[in-house]
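# Structural overview for review
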Amino acid sequence: MKPEGVDTLPAPGRSMLRIVFGLGLLGWAGSATALTVSTQSFQVGATIAAGCSIVSGSGGLLGSLDFGSRSGVASGQVTTSFVPNSALSLACTPGVALSMSINGGLNYGTVRNMQRSGGTDRVPYRLYRSSTLAANTEIGVNQPFSITYSDSNNIALTLFGAAQLTGFSPAGNYTDQLTVTLSW
């Protein structure tokens, strides 16, 4: 029996366990009171820049303006419309003001010309923004004009052409290549 108020030392090994366990509990209790819950916020944002995306497919060709096959003695005006490359995709940020200009081509004189492959013979042609082929819709060389669209994810380039056959054109393939510049 032990007298009152007198403590005895515990057996070796037991006191260390009590001390370590006791310190562990104190450390855990201290860190539990140090934990606090805090709510903060932060901003999330992005800037969408106005722009357009153009995919022309293989070869970089937007499409073709094909007047078809005609007799060398045919004369008068023949017309056609632009047929876009099936891989052509043009989309812009909604509300973007899109404009287009077209150069004079490879054979420009006083008008655009298709030239016979392997020769110097030419067939003149003009480009228009409307199928009416009205003079005020003619597309001048390097003169920008507005492209109107209702679906910003599927913008169509509407072009029409009129070639003037003279009735004296030698047989052959007549071609030209134009460069289109889109601006926004």
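A brief report on the enclosed structure follows. (Residues numbered from 1 in each chain as written. Predicted model: local features only at pLDDT ≥ 70, side-chain atom pairs only at ≥ 80, totals over all residues. Heavy atoms only, no water.)

### Details of the packing of aromatic side chains
If you walk through the whole model with that rule in mind, you get one aromatic pair. Taking 6.3 Å as the distance between ring centres and 55° as the angle between the ring planes, the aromatic pair formed by F67 and Y125 counts as tilted. Here F67, found in the loop between β2 (63–64) and β3 (75–81), pairs with Y125, found in strand β8 (residues 122–128); they are 58 residues apart in sequence, far enough to count as distant. (Phe/Tyr/Trp six-rings, centres within 6.5 Å; stacked < 30°, edge-to-face > 60°. Helix = DSSP H or I, 4+ residues; strand = E, 2+ residues; numbered from the N terminus.)

### Considering the sheet that holds strand β6 (residues 98–102)
Here three strands make up an open sheet; going across it, the order is β9-β6-β12 and the pairing antiparallel. A single partner strand is all that each edge strand has here, and the edge strands are β9 (145–147) and β12 (180–183). Taking each pair of neighbouring strands and ignoring which way they run, the sheet shows an average axis angle of 35°. Bridge analysis of β6 against β12 gives four bridges, and the strand direction is antiparallel. Its bridge partner lying in β12, I102 is registered against V180. (Pairing = 2+ DSSP bridges. Axes fitted to C-alpha atoms, helices over the stretch in contact; angles between N-to-C directions.)

### Comments concerning unusual backbone geometry
One non-glycine residue, L133, adopts positive backbone phi at about 55°. Although it is not a glycine, N142 sits at a positive phi angle of roughly 55°. Mapped onto the fold, N142 is located in the loop between β8 and β9.

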